[in-house]
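Now for the letters of each chain:
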Amino acid sequence: MPQIIQVAAIAVATLGTGAATMTVMNEDIPDLKVPEGAWVADGALDGRAFEVYGHDVNSGAVLEDEIIFRDGTFQSVDCQNYCDFGWSGYQTKEIDGVIHFTATTVCPDAPHTVVFYGQVEGDAVTIQGTWTTRRWYRTNQIVMEVAGTATDFDTAIAASG
């Protein structure tokens, strides 16, 4: 029997018995897991802005951003420019004089979710985060590490649009 007919016969027999399953869905990649704790939405960082620089952990790509805290909300200027994420709520907790914060931002027009977890000590900030894009055929995630310093709040607000 020619090989193509053998392959076709095996495929028909396999599918006919229900022995083969196929999926086109990809496995999900979880967002950054933020540590548990007594998180509160108290606006502890309101009126602050930071210029941050860092990298994509997997590719090494350089990342630059400005983050702003206003009226109990958070904005990443880079996220805003990319996908109009808008302002998102943020939560804080203080541990040994260091303000920890977390914010989850979601793009309203595309399947992007960005999770930020950072620490502010004086005028310095460090942030870990994930930018996850979920599509039915592929999930992509950028793992980021950035650090920065305080910048002028009014200038940051004016530049954020």
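Before going into details, it helps to say that this report is about the structure given with it.

1. Observations regarding the overall build of the protein chain
- In terms of regular secondary structure, the protein chain is built from three helices and eight strands.
- Helices and strands appear in the protein chain in the N-to-C order α-β-β-β-α-β-β-β-β-β-α.
- Of all 161 residues assigned to the protein chain, the portion counted as buried reaches 37%.
- Taking contacts inside the protein chain between residues at least 6 apart in sequence as the whole, the part at least 24 apart equals 50%.
- A total of about 9,400 Å² of accessible surface is found on the protein chain, and carbon and sulfur atoms cover 55% of it.

2. Description of the nonpolar core
- Membership of the largest hydrophobic core comes to 22 residues, with the highest contact counts inside it found for Phe69, Phe74, Phe101, Phe116 and Ile127.
- Looking at this core, the elements with two or more residues in it are strand E1 (48–56), strand E2 (62–70), helix H2 (77–83), strand E5 (98–106), strand E6 (112–121), strand E7 (124–135) and strand E8 (138–151).
- Once residues within four sequence positions are removed from consideration, Ile127 is found in contact with Val52, Ile67, Phe101, Phe116, Tyr117, Gly118, Met144, Glu145 and Val146.
- Of all hydrophobic cores here, the second largest spans five residues; its members include Ala49, Ile68, Phe153 and Ala156.

3. Here we look at the pairing of E2
- In this structure, E1 lies alongside E2, joined through eight bridges in antiparallel fashion. In the sheet register, Arg48 faces E2, and the bridge partner there is Phe69.
- In textbook terms, the turn of a hairpin is the stretch between consecutive antiparallel strands, and for E1 and E2 this stretch comprises five residues, one of which, Gly60, has a positive phi near 85°.
- When E2 meets strand E3 (residues 73–76), the two strands line up antiparallel, connected through four bridges. The residue of E3 that forms the bridge with Ile68 is Gln75.
- Count of turn residues in the E2/E3 antiparallel hairpin: two residues, of which Asp71 carries a positive phi of about 50°.

4. What to know about the state of the cysteines
- Tallied over the full model, the rule gives one disulfide.
- For Cys83, the disulfide goes to Cys107, at an S-S distance of 1.6 Å. Placement of the pair is Cys83 in helix H2 and Cys107 in the loop between E5 and E6, with a sequence separation of 24 residues. The pair Cys83 / Cys107 is uniform in exposure class, with both members buried.

5. Topic: the sheet that holds E5
- Overall, antiparallel pairing links the eight strands, which are arranged E1-E2-E3-E4-E5-E6-E7-E8 in a closed barrel. Neighbour-to-neighbour, the strand axes of the sheet open up by a mean angle of 30°, direction not taken into account.
- Sheet topology places E1 next to E8; eight bridges connect them, and they run antiparallel. Note that in E8 the partner of Gly54 across the bridge is Val146.
- Running over the sheet, helix H3 (residues 153–160) touches E1, E2, E3 and E8 and is turned about 105° from E2.

6. Remarks on the pattern of salt bridges
- Evaluation of the coordinates by the stated rule reveals five salt bridges.
- Among the salt bridges present, the one from Asp28 reaches Arg134, with a minimum N-O distance of 2.6 Å. Linking Asp28 in the loop between helix H1 (3–17) and E1 with Arg134 in strand E7, this pair joins segments that are 106 residues apart in sequence.
- Given the relative accessible area of 49%, Asp28 is considered partly exposed.
- For Glu36, the salt bridge is made with Lys33, and the minimal N-O distance between the two is 3.9 Å. For the pair Glu36 and Lys33, a shared accessibility class is recorded, and that class is exposed.

Procedures and definitions
Residues numbered from 1 in each chain as written. Predicted model: local features only at pLDDT ≥ 70, side-chain atom pairs only at ≥ 80, totals over all residues. Heavy atoms only, no water. Helix = DSSP H or I, 4+ residues; strand = E, 2+ residues; numbered from the N terminus. Buried < 20%, exposed > 50% of the residue type's maximum accessible area, 1.4 Å probe, protein only. Contact = heavy atoms within 4.5 Å. Areas by Shrake-Rupley, 256 points an atom, 1.4 Å probe, with all protein chains shown as cover. Core = buried A, V, L, I, M, F, W, Y, C linked by side-chain atoms within 4.5 Å. Pairing = 2+ DSSP bridges. Disulfide = S-S within 2.5 Å. Axes fitted to C-alpha atoms, helices over the stretch in contact; angles between N-to-C directions. Salt bridge = Lys/Arg side-chain N within 4 Å of Asp/Glu carboxyl O.

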